[in-house]
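Architecture and fold: a report
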Amino acid sequence: MIQAHGALPTVLEAPRHVNVRILGGDARAAAHIAVFRKAMRRCMKLRASGQPVGGGPALEDYLETVMADERVERMRVIFVNSRQRILADETMWTGTIDSVPMYAREIVRRALIVDAAGMVVVHNHPSGDPMPSARDIEATGELMRAAMAVGVVLHDHLIVGSDGRFSLRRAGLM
């Protein structure tokens, strides 16, 4: 499987029908791979849920694992309580191969509905390059101002791709 896909992450992220084909029609083996993928993601999410958002790399590792190899851009928001523990993990929008909307009003509205004290916004770049675009930086500023107006903290905007991840907070862009 690794030889056919090139790397273990690609084996785990491949659609089941692709793995069935590579395995010569062995649907049971492909199902085992799918179960392992779900279990791995669940474990990573549980590990991330137990730590404050800024308490280590667990959340970023989880988000990179579940989003880096997507074929279209997705905007996801992790809403957290006042202790920076995860309240909700929601995909807000699905975009195209090179863009996804980020509507500050809708993100802030959702934060208020789930009683979030803060949030981390994350989206992926299917190109693999996690560097932010000018629009990514601009939209982050808009969201930060909107959230601040209602007392919600934007902890970070992460961008993930197959080439790594980028934190706008660590880069001083927030």
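Residues numbered from 1 in each chain as written. Predicted model: local features only at pLDDT ≥ 70, side-chain atom pairs only at ≥ 80, totals over all residues. Heavy atoms only, no water.

Turning to the sheet that holds strand 5 (residues 164-167), a few remarks are in order. Strands sit in the order 2-1-3-4-5 across an open sheet of five strands; the sheet is mixed. On the outer flanks of this sheet lie strand 2 (86-94) and strand 5, each paired with one strand and no other. Between one strand axis and the next, the sheet turns by 20 degrees as a mean value, whatever way the strands run. In the packing of helix 6 (residues 104-113) onto the sheet, contacts are made with strand 1 (74-80), strand 2 and strand 3 (118-124), and the angle to strand 2 comes to roughly 155 degrees. (Pairing = 2+ DSSP bridges. Helix = DSSP H or I, 4+ residues; strand = E, 2+ residues; numbered from the N terminus. Axes fitted to C-alpha atoms, helices over the stretch in contact; angles between N-to-C directions. Contact = heavy atoms within 4.5 Å.)

Looking now at helix 6. Ala 104, Ile 107, Val 108 and Ala 111 are the residues of helix 6 that are buried. Along helix 6, the residues classed as buried sweep out an arc of 95 degrees about the axis, all on the same side. Buried-residue contacts for helix 6 involve strand 1, strand 2, strand 3 and helix 7 (134-149). Just beyond helix 6, the residue with positive phi is Asp 115, at close to 60 degrees. (Buried < 20%, exposed > 50% of the residue type's maximum accessible area, 1.4 Å probe, protein only. Arc of directions from axis to C-beta.)

Here we come to the packing of helix 6 against helix 7. With their axes 9 Å apart at the nearest point, helix 6 and helix 7 run at an angle of 40 degrees to one another. Pair helix 6 / helix 7 crosses with right-handed handedness. Facing Ala 104, Ile 107 and Val 108 of helix 6, the residues of helix 7 in contact are Glu 142, Leu 143, Ala 146 and Ala 147. In the contact of helix 6 with helix 7, the residues fall into six nonpolar, no polar and one charged. (Left-handed = near helix turned anticlockwise from the far one by under 90°. Nonpolar A, V, L, I, M, F, W, Y, C, P; charged D, E, K, R; others polar.)

Moving on to the pairing of strand 1. Taking burial as the measure, the seven residues of strand 1 include six buried ones, the bulk of the element. Here strand 1 pairs with strand 2 via seven bridges, running antiparallel. Bridging from a neighbouring strand, Val 77 pairs with Glu 90 of strand 2.

Under the definition given, this model contains 11 salt bridges. Of the charged contacts, one joins Arg 165 and Glu 64 as a salt bridge, the two residues approaching to 2.9 Å between their closest N and O atoms. Of this pair, Arg 165 sits in strand 5 while Glu 64 is found in helix 5 (residues 58-67), placing the two residues 101 residues apart along the sequence. The partner of Arg 135 in a salt bridge is Glu 138, and the shortest N-O contact between them spans 3.1 Å. With Arg 135 and Glu 138 both in helix 7 and three residues apart, this pair spans about one turn of that helix. Residue Arg 135 is classed as partly exposed on the basis of its relative accessible area of 42%. Among the charged side chains, a network of salt bridges with common partners joins Glu 60, Asp 61, Glu 64, Arg 165 and Arg 170. (Salt bridge = Lys/Arg side-chain N within 4 Å of Asp/Glu carboxyl O.)

Moving on, we get to unusual backbone geometry. At Gln 84, a position not held by glycine, the phi torsion is positive, near 65 degrees. Mapped onto the elements, Gln 84 comes out in the loop between strand 1 and strand 2. The exposure class of Gln 84 is partly exposed, given its relative accessible area of 26%. One non-glycine residue, Asp 115, lies in the positive phi region at around 60 degrees. As for its placement among the helices and strands, Asp 115 is situated in the loop between helix 6 and strand 3. Owing to a relative accessible area of 63%, Asp 115 belongs among the exposed residues under this scheme.

With that settled, the discussion passes to the layout of surface pockets. Vacant regions in the atomic arrangement are exposed by a probe of water-molecule size rolled over the atoms. Each pocket or cavity is described by its volume, and for the largest pocket that value is around 350 Å³. Around the largest pocket sit 15 residues that line it, and Glu 13, Ala 14, Pro 15, Asp 69 and Arg 71 are the ones nearest its centre. In terms of residues, the lining of the largest pocket owes the most to one element, helix 5, which gives three residues. A per-class count over the lining of the largest pocket returns six nonpolar, three polar and six charged. The space that makes up the second largest pocket amounts to roughly 250 Å³. In terms of lining residues, the second largest pocket is bounded by 18 residues, among which Glu 73, Ser 99, Val 100, Arg 135 and Asp 136 are the most central. Here the lining of the second largest pocket gets three residues from one element, more than from any other, and that element is helix 7. Residues of the lining of the second largest pocket, tallied by class, amount to eight nonpolar, six polar and four charged. (1 Å grid on protein atoms, 1.4 Å probe; cavity = no way out; pocket = protein on both sides within 12 Å on 5 of 7 lines; lining within 4 Å. Points joined across faces, edges and corners; volume = space filled by probe spheres on them.)

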